[in-house]
Amino acid sequence: MKAHLLFQDRDVDPTPASDPLTDAVIQDLELDTLVAAMAGGDPRSHSQSSSGHDDFLAEVARTVLLDSLTDPAEIGYRQAVLRDCLDHPGLVRQLYDLALAGITAERGVYGGYLRHPGTILRHAIDLMQGYVVHLRQLRHLADEHTGRVTSPGFTELFATLARQLDDDYFHTVNQHLRRLRFERGVLISARLGPGSKGVDYTLRSPTSTHDSWRSRLGFGDRDSYNFAIAERDEAGARALSNLRDRGVDLAADALAGACDHIRDFFRMLRIEIGFYLGCVNLHDRLTGKGEPTCLPVAEPPHSDALSAFGLYDASLTLRVPAQVVGNDLDADGTSLLVVTGANQGGKSTLLRSIGQAQLMMQAGMFVPAQYWRARICTPVLTHYRREEDATMTRGKLDEELYRMSEIADRLRPGALMLCNESFASTNEREGSEIGRQVIHALTDAGVRVVLVTHLHDLAQSLYAQASSSTLFLRAQRRADGTRTFRIEPGQPLPTSYGRDLYADVFR
Amino acid sequence: MSQQSYRSILFVDPTQRPGAQAPAPDHFRDLNLDQVVAAVTAGRDEYDLNPFFHTPLRTLDAIAYRHEVFQDLAEPALVENVTAFARGMARTREGLSRAAKLFHAYQKKRWFLDSLRRYCDTVRGLAEGLTTVDLASRGLRGLRDYLAEYTASPAFLALQAETTDLRADLDAVRYCVFIRGHRVRVSHYHEEDDYGWRVAQTFARFRQGSARDHRTTFTDSLDVDHVEGMVLDLVARLHPTVFGALDAFCERYGGPGPGRPIAFAGDPVLATFDREVQFYLAYLEYLTPLRQAGLAFCHPEMSAISKQVAAEQTYDLALAAKLVTAGRPVVRNDFHLTGPERVMVVTGPNQGGKTTFARAFGQVHYLASIGVPVPGERARLFLSDRMYTHFEREEDLDNLTGKLQDDLVRIHAILAGATERSIIIMNEIFTSTTLADALWLAHKVMARIIRLDSLGICVTFLDELASFSEKTVSMVSTVAADDPATLTYRVVRRPADGVAYAIVLAQRYGLTYERLTKRVAR
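Draft legend 1. Spotlight on the overall build of chain A. Secondary structure assignment for chain A yields 15 helices and 13 strands. Relative to its full complement of 507 residues, chain A shows a buried share of 43%. For chain A, restricting intrachain contacts to residue pairs at least 6 apart in sequence, the fraction spanning at least 24 positions comes to 73%.

Below is the structure:
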């Protein structure tokens, strides 16, 4: 019995990706803000919103967000489930609460030291009785919503619950739970192993003949012999209980194993529905302040689609009261986007929004845009200019190139590389030369690159050699020096707008 | 060959077998052979192998007898076979001692039965294994013939057949125990339904990958407790024929019974083989990682007359074992003596491998004398009557007068005992006195050794000894040709020069001509 709400045919791997490059992506794209919103927290107030920040939801959101899908069909599967969730947010919350209740059922049952088969078995029986209650509730919830949901994910889950957890089944389970108390005795079979010790102990179902204590005489050998431990023989009683445990052990193992599996089922259900609960939370936040969202069009990795309408930085809008400026992209067929122009003119914001939309699409989520259509790109990696290495173990350029080399180990054709002021830790001539070599190598290898740069030498030379697969964008500035924060097609211009900034700061 | 002709895998003449108390030779510590033997015999205490490693052989034939066995054991299948035999014999012994210690009669008897069964399988396994490989050694061929006769004997065949049948019957015994409260019923097994499986089946639909194991680890003592004992008694009563046969078996073969100790010992010749063959296995096991690291071992050509000894690519075995463990390279050296040459005089930089070279010389000769493969690609060695070593004793360093006296006392003892068939190894003699004294004393001692015509090696800081006479050969520890600061630990046959020291020191401080001119010129 599997929830399978994230993948049609398999469980999700709940291990979060953890490595320096992934950490850099999280930091550079400000995914923590997104993740916090999915977890129900409100970063503006530093206090908890009504649903409260949930560390578990945050971890699930981060894990799934960073584990990109590569198949449009898998993305479609999640988008369908997500649509059901956005239509029935109450169902999502109830499923999540039920899964949580299932997982925590264990805490209400006294475990003892759990070293003897007898105590393990008693604990498992009590626990299973609790699980049965939650499983019944799950069945009822499924019955209630069957027919209202349309996605293959929910339809199949509810059908499975109806099939596997029918009333007959609950009856059989309850019967076992009664019999497993062994009130009428324990029957064990064995054979003689090395040293005449009993081995291969197997628990057997007693028949009525075992319970009759008359020793019967057969035609040949006797069929059975009896003995009893004296009332006051404590060592004998202990030895007898050890022998009994040999048989009980197998039932205890089976039942305790079943409890583990049910708990694991609830855990998996909580993870999977937790992701969608996160989506619902984020959706509420964005639509609550009037920002648009859309289910994106994911094109297969071999296509070259990239177009957007009203694409914005979701992390930015979550941190400011006003709505933020959206950008349009008409970049189908391009493998290199070079973004130049005014400082603080929205270049980094555009870069972030592209990265966010790409990862959210590949996680099966809606994206922060009115429209987004792009080819699937994996992996998505970032190379941003960093502060000086605090440990002083590397020089600045050395550090930068070291990171670039680490990234290069991970890149492969079809990846998306987001560069923000790369190669700027040395003088422009050297930085540009390194940049040209790197950028040309990456794009020729089939990596889509978005480059934000103020290295004019680099941008200009890329422009001079540009083909149709390169798109140049420029941060805009009005004649009075104020910024629109919109990025539009435009060739690199020789001067940056640092003096504006200077004027702004030194006024 | 009849059974009578085979007696020992280690001694062509079994009367040469050492007694239980064979102490290590005096030179063991100086040559670090104590380390080698400790490592070789580690984990094999029960076989008491030290006497074999402490006792040099007296004749070339006795050495050849072992060489032959080692050459046969180059076949891995044979080593595996003999190892399996040793394992089987050890477990047989353990089983018998367990049978003696246990309390319940049917436990004792079952252990006894299983031990005899293992004995049969073990002996049979060795006998069969020996027929599947080509054997050239007198020792193993003799053993093979001995085993062929032993395993075809009616007594052995009967034991084998009885253990097989009895075990099959016991293995077929199945029973049920029903426990309710304080009452227990032991009955025949009638294929009752497996209830644990049924429970597992009911809950199988929840399976989410592999389950944790909730089974309890029962502390299984070898003894039955008093309930298990009663159950066992009743199982025996349910199966009187099988257990009656077990009683009879034990009575016939000296097994446990009322008021009767176990009296089964197996074949004495095989018991001796079991112990002695460990000498070979232990040594070969010790060599394995060294061989894997690319170190060569060879069977030396031995002579009891010619002192024209030689070895190629030899090395200090104790040091090599440490270096290989640490993943570091092992330096190897050659030596040879021709014509009248008898004594190698080793000089050169400190820490340059001189002592190691002297040890290696002593080790190859000692190892050769116990008939085992020696370090090196090839070797021609001398079977001496005795080996003497004189190494510095650190405990006397604080009393220089005492030390010189001690040196002389010990050297005197060596020269009094040594003959023309002895090997003498001297390491850094007379360091505790003035140069003039040391030279004078060293000349005296060297003259005595030369007169004795003993074979030897002398490590010294006294370059003058290197050209003492036509009987001495000068050997020098060297530095790398391109970087004199690097010691190579290689010792080569070359006149002593003494310049090497100066070059090493100059290089280390950057004061050679080339370096100094460049440093001054910048």
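Draft legend 2. Looking closely at the confidence of the model for chain B. Scored by pLDDT, chain B has a mean of 87; 89% of the residues are at 70 or more. A low-confidence stretch, residues 515-522 of chain B (pLDDT under 50), is modelled with three contacts involving residues beyond four sequence positions or located in other chains.

Draft legend 3. Geometry of the interface of chain A and chain B. Taken together, the contact between chain A and chain B spans 65 residues of the former and 54 residues of the latter. Contributing elements (two or more residues each) for the side of chain A that touches chain B: helix H6 (117-145), helix H8 (167-179), strand E1 (186-192), strand E2 (198-204), strand E3 (224-228) and helix H9 (234-288) of chain A. For the side of chain A that touches chain B, the element with the highest residue contribution is H9 of chain A, accounting for 24 residues. Here six bridges tie E1 of chain A to strand E1 (residues 174-180) of chain B, and the two strands are oriented antiparallel to one another. Looking at the pairing, Val186 of chain A lines up with Ile179 of chain B of E1 of chain B.

Draft legend 4. Geometry of the nonpolar core. Ala251, Leu255 and Tyr276 of chain A together with Val177 of chain B are the most contacted members of the largest nonpolar core, which has 272 residues in total. Per element, the largest residue contribution to this core is 25 residues, and it comes from H9 of chain A. In this structure, Val177 of chain B is in contact with Ile188, Ala190 and Leu243 of chain A together with Val184, Val186 and Val231 of chain B, ignoring residues within four places of it in sequence.

Draft legend 5. Expanded view of the packing of helix H2 (residues 31-38) of chain A against H9 of chain A. Residues and elements named next belong to chain A. Remark: H2 packs on H9, axes separated minimally by 7 Å, with the N-to-C direction vectors making an angle of 100°. Taken together, the axis directions place H2 and H9 in an arrangement best described as roughly perpendicular. Counting all contacts with H2, which are made through Leu34, Ala37 and Met38, the residues of H9 involved are Gly278, Cys279, Asn281, Leu282 and Arg285. Of the residues in the contact of H2 with H9, the class split is five nonpolar, two polar and one charged.

Draft legend 6. Fine view of the packing of helix H5 (residues 89-104) of chain A against H6 of chain A. Residue and element names in this part refer to chain A. Their axes nearest at 10 Å, the elements H5 and H6 cross at an angle of 165°. In this view, H5 runs roughly antiparallel relative to H6, as classed from their interaxial angle. Classified by chirality, the crossing of H6 by H5 is left-handed. Residues Leu91, Gln94, Leu95, Leu98, Ala101 and Gly102 of H5 lie in contact with H6, whose contacting residues are Tyr131, His134, Gln137, Leu138, Leu141 and His145.

What counts and what doesn't
Residues numbered from 1 in each chain as written. Chains lettered and ligands numbered in written order. Predicted model: local features only at pLDDT ≥ 70, side-chain atom pairs only at ≥ 80, totals over all residues. Helix = DSSP H or I, 4+ residues; strand = E, 2+ residues; numbered from the N terminus. Buried ≥ 20, exposed ≤ 12 C-beta atoms within 10 Å, placed from the backbone. Contact = placed C-beta atoms within 7 Å. pLDDT = per-residue confidence, 0-100. Pairing = 2+ DSSP bridges. Core = buried A, V, L, I, M, F, W, Y, C linked by C-beta atoms within 7 Å. Axes fitted to C-alpha atoms, helices over the stretch in contact; angles between N-to-C directions. Parallel < 35°, antiparallel > 145°, perpendicular 65-115°, else oblique. Nonpolar A, V, L, I, M, F, W, Y, C, P; charged D, E, K, R; others polar. Left-handed = near helix turned anticlockwise from the far one by under 90°.

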